[in-house]
Amino acid sequence: MTQQRLDAFCGLYCGACLIYQCTQNGDLAQAAAAFGRPEEGLACDGCRSSRVTLACGDCWYRDCPTGKGYSSCADCPEMPCAALRDLRTRRPHLAELVDNLQALRADGSARWCADQAKRWTCPSCGKPTWWYETTCSKCGAVTPTGFPPPERH
Ligand SMILES: [Zn+2]
């Protein structure tokens, strides 16, 4: 399987998404349980792949930069536009989108993704961690990059 770029068009790091991680581990049941969703349609190989999870498959934030011919919002002179500033307020892991895009613009995709891969790794056991993992599910160590879980609706 060819490695997809894991920087989403909007500046999210797909590698820190539980759905992406569970898809790659062949353990979609874990993600389905975590989000209270059926497994059907949940699988995802990242925003830039041909298999994108339901919630991300019909995403305005993918269509906008691709429609303008940009490889991500980082290439857009309007970044951070009003739509991105709004997206940033919706969930804790989206709050840093503009910072991510500015770092992507400065560092380029390959370097930024390598930095993110390190950032979203348990410092104790090396397991990949995801946005809302505040203690490692494998070894129990504190994972300092995890956000406190958002309220469930
Ligand atoms: Zn660990």
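On a predicted model such as this, the values are computed, not experimentally measured, just so you know.

(A) Structural detail: the coordination of the zinc ion. Listed as protein donors to the zinc ion are C122 (SG), C125 (SG), C136 (SG) and C139 (SG); their distances from the metal cover 2.2 to 2.3 Å. If you look at the zinc ion, its 4 donor atoms make angles of 105 to 114° with each other, and the shape they trace is tetrahedral. Sequence spacing of the donor residues for the zinc ion, all on one chain, is C-x2-C-x10-C-x2-C. Within this pair, whereas C122 is found in the segment after α7 (109-119), its partner C136 is found in the segment after α7, the two being separated by 14 residues in sequence. In this structure, C122 and C136 share a single accessibility class: buried.

(B) Just the packing of aromatic side chains, in detail. Taken as a whole and assessed by the stated rule, the structure comprises 6 aromatic pairs. Taken together, a centroid distance of 5.0 Å and an interplanar angle of 85° make the contact between W60 and Y61 edge-to-face. Residue classification places W60 among the partly exposed residues on the basis of a relative accessible area of 48%. Judged by relative accessible area, which is 9%, Y61 ranks as buried. Summarising the aromatic geometry, the rings of W130 and Y132 are spaced 5.6 Å apart at their centres and angled 75° between planes, so their arrangement reads as edge-to-face. Take Y132: its relative accessible area is 12%, and that puts it in the buried class.

Rules and cut-offs
- Residues numbered from 1 in each chain as written.
- Predicted model: local features only at pLDDT ≥ 70, side-chain atom pairs only at ≥ 80, totals over all residues.
- Heavy atoms only, no water.
- Donors = N, O, S within 2.8 Å, 3.2 Å for Na, K, Ca; no water.
- Tetrahedral: all angles 85-135°; square planar, octahedral: opposite > 155°, others 65-115°.
- Helix = DSSP H or I, 4+ residues; strand = E, 2+ residues; numbered from the N terminus.
- Buried < 20%, exposed > 50% of the residue type's maximum accessible area, 1.4 Å probe, protein only.
- Phe/Tyr/Trp six-rings, centres within 6.5 Å; stacked < 30°, edge-to-face > 60°.

Geometric descriptors of this kind do not, in isolation, establish any biological role.
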